[in-house]
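A look at the structure
Each chain, letter by letter, is given below.
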Amino acid sequence: MSQNYSRSVLAGLVSGCLVIAGSPSGMAAGEPPAASNIMLAQARPNPPPPNIETNISSLHQRLQITPAQEAQFGAVANVLRANTHAEASAPHQPPANASAVDELRAEIQYDEVELAGLKRLLPALEALYASLSPAQRQAADAAFREGPGG
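Structure report, in brief. Not measured: the values here are computed from a predicted model.

Calculation rules
Counting restarts for each chain: residues are numbered from 1 in the order of the written sequence. Totals for whole chains, interfaces and linings use all residues, but because this is a predicted model, local features are given only for residues with pLDDT of at least 70 and pairs of side-chain atoms are given and counted only at 80 or more. No hydrogens and no water enter the side-chain calculation; it runs on all heavy atoms of the structure. Here an angle of 0 to 180 degrees is reported between the N-to-C directions of two axes, which are lines fitted to C-alpha atoms, with helices fitted over the stretch in contact. For helices the rule is a DSSP run of H or I covering at least 4 residues; for strands it is a run of E covering at least 2, with both sets numbered from the N terminus onward. In this analysis, two residues are considered to be in contact whenever any of their non-hydrogen atoms come within 4.5 Å of each other. By the convention adopted, Pro, Cys, Tyr, Trp, Phe, Met, Ile, Leu, Val and Ala count as nonpolar, Lys, Arg, Asp and Glu as charged, and the other residues, Gly among them, as polar. By salt bridge we mean one thing: a side-chain nitrogen of Lys or Arg within 4 Å of a carboxyl oxygen of Asp or Glu. Each residue's exposure class comes from its accessible area (1.4 Å probe, protein chains only) as a fraction of the maximum for that residue type: buried when under 20%, exposed when over 50%, partly exposed otherwise. The labels follow the angle: roughly parallel below 35 degrees, roughly antiparallel above 145, roughly perpendicular from 65 to 115, and oblique for the rest. Throughout, a crossing is termed right-handed when the near helix is turned clockwise from the far one, and left-handed when it is turned anticlockwise from it by less than a right angle. To estimate how far a helix should reach, multiply one less than its number of residues by 1.5 Å. The angle between axes fitted to the seven-residue stretch ending at a residue and the seven-residue stretch beginning at it gives the bend at that residue. Nine residue types can take part in a nonpolar core, namely buried Ala, Val, Leu, Ile, Met, Phe, Trp, Tyr and Cys, and a core is a set of them joined through side-chain atoms within 4.5 Å.

Attention now goes to the packing of helix α3 (residues 52-63) against helix α6 (residues 134-146). Taken N-terminus to C-terminus, the directions of α3 and α6 make an angle of 145°; their axes are 9 Å apart at the nearest point. Contact with α3, carried on its side by Leu 59, Arg 62 and Leu 63, involves Gln 136, Ala 139, Ala 140, Ala 142, Ala 143 and Glu 146 of α6 and no other residues of that element. Of the residues in the contact of α3 with α6, the class split is six nonpolar, one polar and two charged.

Looking now at the pattern of salt bridges. Counted under the stated rule, the structure contains three salt bridges. In this structure, the salt-bridge partner of Glu 53 is Arg 81, at a minimum N-O distance of 2.6 Å. Taken together, the positions of Glu 53 in helix α3 and Arg 81 in helix α4 (residues 70-89) put the pair 28 residues apart, joining distant regions of the chain. What makes Glu 53 partly exposed here is its relative accessible area of 40%. Asp 102 is the partner of Arg 105 in a salt bridge, and the nearest nitrogen-oxygen pair spans 3.1 Å. With a gap of three residues between them, Arg 105 and Asp 102 both fall in helix α5 (residues 100-131), about one helical turn apart.

What follows covers the packing of α3 against α4. Remark: α3 packs on α4, axes separated minimally by 11 Å, with the N-to-C direction vectors making an angle of 150°. As the angle between them shows, α3 and α4 are arranged roughly antiparallel. Considering only the axes of α3 and α4, their crossing is right-handed. Of the residues in α4, those touching α3 at Ile 52, Glu 53, Ile 56, Leu 59, His 60 and Leu 63 are Glu 70, Phe 73, Ala 77, Leu 80, Arg 81 and Thr 84. Looking at side-chain class alone, the contact of α3 with α4 contains seven nonpolar, two polar and three charged residues.

Taking 1.5 Å as the rise per residue, α5 with 32 residues should run 46 Å; its terminal C-alpha atoms sit 46 Å apart, in good agreement. Of all the bends found along α5, the most pronounced is centred on Leu 122 and spans about 30°, while Pro 123, a proline, follows it within four residues. For α5, the set of buried residues is Asp 102, Ala 106, Tyr 110, Val 113, Glu 114, Ala 116, Gly 117, Leu 118, Leu 121, Ala 124, Leu 125 and Leu 128.

The next subject is the nonpolar core. It is characteristic of soluble globular proteins that their nonpolar side chains tend to be buried jointly. With 17 residues, the main nonpolar core has Leu 63, Phe 73, Leu 80 and Leu 128 as its most contacted residues. Setting aside chain neighbours within four positions, we find Phe 73 in contact with Ile 56, Leu 59, His 60, Leu 63, Ile 65 and Leu 128.

As structure tokens, this is what we get:
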């Protein structure tokens, strides 16, 4: 999956992702984190989350959600809110003096957060999508392809 495509899909639905708790992959149990991991986590500024409520409202209007679809849309909206919060908490960029290895490690960690968010979103979106009319499905398909702002 290309990095730009996955970010576009998430952003198109007002996304973010889940923070993966626990130790970084590849670290043995009981092994302390490497100093570079700690430095990366402390040095990366987190960008402000997008205006999630505005984006959710826009998506609601664009899909023309009916009263019968509110519960399914609400579930999608809740995942989007959680994902946005998690993405804002996730490290985005290594410090300027990071090594190529540290940069790759940081990218993998961020991509794992992103993938976890996509996996959380899928069941809620499937339920909503199943309730949509053909015209609403076309609007949803376009929203996913276009990303934020249409």
